[in-house]
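Single-letter residue listing:
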Amino acid sequence: MCDVSDARAVREWVEDTGDPSRPTMVALHVAGVIQVGPMSAVTPETYGEALDIMAKGPAHLVLAALPAMREQGFGRIGIISSIGGVVPVPHLVPYTAAKFAAAGLGQSLYAELSGTGVTVTTVLPPVMRLGSHLHAQFSGDRAKEYAWFGPGASLPIIALDGRTAARRIVHGVLAGKPVLGLSPLTHVAMRVHGVAPASTTRLLGLVGRLLPSNEATAPPLAGRDVRRRHPNRVVRMLTMAGDAMARRTNERHRAVTDPEG
């Protein structure tokens with residue numbers, strides 16, 4: 001493991017894990033953070049963290065892994081962006097900005113590397129059921145923000161099962177696909193926004209009006225701690241599938257810092 005926001009650490013990690021007799025064939029960037037809340041609650045630090053991990057992180061991996069891949073004439077790079085990397089999502093501004101950057105990086109690199117034997121796959125999943133609702137950072141009206149994001153990241157109808165997503169990602173990256181949408185929702189969003197970006201942005205603006213509005217400046221709090229402080233039986237029921245996946249992926253019991261004790 002290494003800090004993907006640190007270019008030197010990523011380069012050293014790639015060098016340390018490499019094997020001269022078996023050169024690196026596949027590199028995949030999956031690291032990410034989610035900050036949920038209105039832009040009024042975003043700080044330079046939280047915004048910078050999102051960019052460091054999800055925009056600079058993929059670039060650091062590419063810079064470290066690409067030279068050897070080009071030399072050997074073959075390689076597969078996967079960059080996990082998001083549906084939020086092609087469609088603007090209110091109350092997820094740092095996340096969306098970073099994922100847009102990751103999507104641009106992946107697609108431009110695919111075009112630049114054409115004919116070299118190295119491909120870069122930009123993965124655009126919908127919300128995935130992985131247990132992220134417990135570790136996402138919530139600001140503004142934290143209880144209300146958790147009330148919409150938690151079920152959205154958990155319900156089978158909306159969120160894609162993490163195991164299904166993993167299989168599709170592996171197959172798509174190994175196949176060298178330029179862009180990989182993992183669900184019908186992603187494909188529809190990409191096409192509609194591609195044809196009518198102004199209309200979809202206006203529509204999402206109406207959605208944004210329905211989301212909690214709060215000027216509070218309390219520090220962000222992890223979803224796990226928000227739920228503990230503001231128990232809600234209905235929300236708890238709607239996030240049961242997400243909780244189950246968190247147990248499978250060892251996310252549920254990971255240590256989380258509560259800045260307010």
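This is a predicted model, so every value here is computed, not measured.

Chemist: Could you clarify how one ought to interpret helix H1 (residues 7-17) in this entry?
Modeler: Each turn of an α-helix holds 3.6 residues, which means side chains three or four residues apart point in the same direction. Among all positions in H1, only Ala9, Val10 and Val14 are buried. Summarising the axial view, the buried residues of H1 lie within an arc of 135 degrees, below the 170-degree limit, and thus occupy one face. For H1, the exposed residues set more than 90 degrees away from the buried face come down to Arg8, Glu15 and Asp16. The opening residue of H1, the one whose side-chain oxygen lies 3.0 Å from the backbone nitrogen of arginine 8, is aspartate 6.

Chemist: Please explain the sheet that holds strand E1 (residues 26-29) as it appears in this structure.
Modeler: Sheet strands line up and pair through hydrogen bonds in the backbone, either parallel or antiparallel. Taken together, the four strands give an open sheet; going across it, the order is E1-E3-E4-E8, and neighbouring strands pair in parallel fashion. The open sheet has two edge strands with one neighbour each: E1 and strand E8 (179-181). For this sheet, the mean inter-axis angle between neighbouring strands, taken without regard to orientation, is 20 degrees. Sheet analysis places E1 next to strand E3 (residues 75-80), joined by four bridges and oriented parallel. Counterpart to alanine 27 in the pairing with E3 is isoleucine 77. Helix H3 (residues 93-112) contacts E3, strand E4 (118-124) and E8 of the sheet and is inclined by roughly 150 degrees relative to E4. Against the sheet, helix H5 (residues 162-174) engages E1, E3, E4 and E8, with an angle of about 140 degrees to E3.

So, how was this worked out
- Residues numbered from 1 in each chain as written.
- Predicted model: local features only at pLDDT ≥ 70, side-chain atom pairs only at ≥ 80, totals over all residues.
- Heavy atoms only, no water.
- Buried < 20%, exposed > 50% of the residue type's maximum accessible area, 1.4 Å probe, protein only.
- Helix = DSSP H or I, 4+ residues; strand = E, 2+ residues; numbered from the N terminus.
- Arc of directions from axis to C-beta.
- Polar contact = N/O pair within 3.5 Å; in protein donor to acceptor, adjacent residues only side chain to side chain.
- Pairing = 2+ DSSP bridges.
- Axes fitted to C-alpha atoms, helices over the stretch in contact; angles between N-to-C directions.
- Contact = heavy atoms within 4.5 Å.

So far we have only geometry, and geometry alone does not tell us how the molecule works.
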